[in-house]
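# Architecture at a glance
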Amino acid sequence: MNVDVVSTTAALWTGEASSVVVPAANGSMGILTGHEPVLSLLQPGTVRITPTSGSQVEVEVSEGFVSVDNNAVTVVVESGTPADAK
């Protein structure tokens, strides 16, 4: 599935992934290929992405939302920092 993690000022991560875990408002939400369409609010936390190739990616994010539709995951946040950029 195609994943885009963006803040109001920059793209934080874009690519193909086999799974994504986001800090939804009511707890962590796992997203796999074929997930039903959903729109959910996010709380501050860590987005964990498992790319189709390479090692897991973590992005620290502020509040925002996640949209899932047709194997496309879009995470939109106020601000975010890739974990390896700390």
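Residues numbered from 1 in each chain as written. Predicted model: local features only at pLDDT ≥ 70, side-chain atom pairs only at ≥ 80, totals over all residues. Heavy atoms only, no water.

## A look at the overall build of the protein
A tally of regular secondary structure across the protein gives zero helices and nine strands. The globule rule puts the C-alpha radius of gyration for 86 residues at 12 Å, and the 11 Å found for the protein is close to it. Each principal axis of the C-alpha distribution contributes one length, and for the protein these read about 30 × 30 × 20 Å. Here the protein holds 86 residues, and 36% of them are scored as buried. Within the protein, counting contacts between residues at least 6 apart in sequence, those at least 24 apart form 46% of the total. With the model as given, the accessible surface of the protein reaches about 4,600 Å², and the carbon-plus-sulfur share is 50%. (Helix = DSSP H or I, 4+ residues; strand = E, 2+ residues; numbered from the N terminus. Rg over C-alpha atoms; globule rule 2.2 N^0.38 Å. Buried < 20%, exposed > 50% of the residue type's maximum accessible area, 1.4 Å probe, protein only. Contact = heavy atoms within 4.5 Å. Areas by Shrake-Rupley, 256 points an atom, 1.4 Å probe, with all protein chains shown as cover.)

## With respect to the pairing of strand E7 (residues 64-69)
Across five bridges, strand E4 (residues 38-42) lies against E7 in antiparallel orientation. Across the sheet, the residue bridging to Leu-39 is Ser-67, located in E7. For E7 and strand E8 (residues 72-77), the ladder comprises six bridges, and the chain directions are antiparallel. Paired with Phe-65 across the strands is Val-76, a residue of E8. The hairpin turn running from E7 into E8, its antiparallel successor, is two residues long, and Asn-70 in that turn takes a positive phi close to 50 degrees. (Pairing = 2+ DSSP bridges.)

## Considering the pattern of salt bridges
Using the criterion set out here, one finds one salt bridge in the structure. Between Arg-48 and Glu-58 there is a salt bridge, with the nearest N and O atoms lying 3.3 Å from each other. Of this pair, Arg-48 sits in strand E5 (residues 45-51) while Glu-58 sits in strand E6 (residues 57-61), placing them ten residues apart in sequence. A residue is classified by how much of its surface remains accessible, and Arg-48, at 34% relative accessible area, is partly exposed. (Salt bridge = Lys/Arg side-chain N within 4 Å of Asp/Glu carboxyl O.)

The analysis is restricted to geometry; functional conclusions fall outside its scope.
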